[in-house]
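Structural features, examined
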Amino acid sequence: MPKDQVLAPDAVAARLADLPAWTAADGWITRTYRTNSWKGTLMVINTIGHLAEAAWHHPDLTASYAWVEVRLTTHSAKGLTDKDFALARKIEEVVGWQPGLEGGALEGTPTDPRFAYIKHDR
């Protein structure tokens, strides 16, 4: 596939199967992360910002006190490309990481609501 080729609708649907919390519409894929507070919202935004800079592929972000909406498209291609799905997968991996569920050395964020910052999908 040529670099930055816009994906056909069936290819978009196939890639979304691996990203169940994301939706596609009007040439974008979109996901909203729910947080517990402004602190959590800023943590999610900063995480996505780091990943976007490292990838050199930048989403549109919209935020409020307890949520962050991420919208991805490849502007230069005027549509969805593999870049959008690669970054969406990396965002999901990092923002959704819950080390406490892995049974390893890292215990993860305490369940005490005072320390909660993101509302993970269950």
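By the naming in an unreviewed UniProt entry, the chain goes by 4a-hydroxytetrahydrobiopterin dehydratase and is assigned to Methylobacterium terricola. Recorded in UniProt for the chain, the comment headed Catalytic activity (unreviewed entry) runs: "(4aS,6R)-4a-hydroxy-L-erythro-5,6,7,8-tetrahydrobiopterin = (6R)-L-erythro-6,7-dihydrobiopterin + H2O". Per UniProt, the comment on the chain under Sequence similarities (unreviewed entry) is "Belongs to the pterin-4-alpha-carbinolamine dehydratase family."

Attention now moves to the overall build of the chain. The helix and strand inventory of the chain stands at 3 helices and 4 strands. By its C-alpha atoms, the chain is 45 × 30 × 25 Å across when sized along the principal axes. Across the chain, contacts joining residues at least 24 apart in sequence account for 63% of those joining residues at least 6 apart. Element-wise, carbon and sulfur atoms account for 55% of the exposed surface of the chain, whose accessible area totals about 7,600 Å². Averaging the coordinates of the 13 positive side-chain charges in the chain and doing the same for the 15 negative ones gives two points 3 Å apart.

Nonpolar side chains collect at one region of the surface, where W38, L42 and Y65 lie side by side and expose about 320 Å² of accessible area between them. Structurally, L42 can be placed in helix α2 (residues 38-55).

An ideal rise of 1.5 Å per residue puts 26 Å on 18 residues; α2 measures up with 26 Å between its terminal C-alpha atoms. Where α2 is concerned, the buried positions are G40, T41, V44, I48, L51 and A52. Buried positions in α2, seen along its axis, are confined to an arc of 105° and lie on one side of it. Turned more than 90 degrees from where α2 packs its buried face, N46, H50 and A54 sit exposed. Buried-residue contacts for α2 involve β2 (28-34), β3 (60-64), β4 (67-72) and α3 (82-95). Trailing α2 by a residue or two, W56 shows a phi angle of about 55°, which is positive.

The sheet contact formed by β3 and β4 spans 5 bridges and is antiparallel. Each bridged residue has a counterpart across the sheet, and for A63 the counterpart in β4 is V68. Counting the residues that bridge the hairpin from β3 to β4 gives 2 residues.

Glancing now at unusual backbone geometry. In this structure, W56 takes a positive phi of about 55° despite not being glycine. Its identity as a non-glycine residue notwithstanding, K78 has a phi of 60°, on the positive side. The residue K78 is located in the loop between β4 and α3 in this model. With a relative accessible area of 74%, K78 lands in the exposed category.

Evaluation of the coordinates by the stated rule reveals 0 aromatic pairs. Stacked on the ring of Y33, the Lys or Arg R31 has its end atom at 4.0 Å from the ring centre. Cation over ring: R71 sits above W28, and NZ or CZ is 3.9 Å from the ring centre.

About the criteria used
- Residues numbered from 1 in each chain as written.
- Predicted model: local features only at pLDDT ≥ 70, side-chain atom pairs only at ≥ 80, totals over all residues.
- Heavy atoms only, no water.
- UniProt positions renumbered as here; feature names shortened; annotations may be inferred.
- Helix = DSSP H or I, 4+ residues; strand = E, 2+ residues; numbered from the N terminus.
- Contact = heavy atoms within 4.5 Å.
- Areas by Shrake-Rupley, 256 points an atom, 1.4 Å probe, with all protein chains shown as cover.
- Lys, Arg positive; Asp, Glu negative; His and termini not counted.
- Charge placed at Lys NZ, Arg CZ, Asp CG, Glu CD.
- Patch = residues over 30% accessible without salt bridge, like charges linked within 9 Å, V, L, I, M, F, W, Y side chains within 5 Å.
- Salt bridge = Lys/Arg side-chain N within 4 Å of Asp/Glu carboxyl O.
- Expected span 1.5 Å × (residues − 1).
- Buried < 20%, exposed > 50% of the residue type's maximum accessible area, 1.4 Å probe, protein only.
- Arc of directions from axis to C-beta.
- Pairing = 2+ DSSP bridges.
- Phe/Tyr/Trp six-rings, centres within 6.5 Å; stacked < 30°, edge-to-face > 60°.
- Lys NZ or Arg CZ within 6 Å of the ring centre and 35° of its normal.

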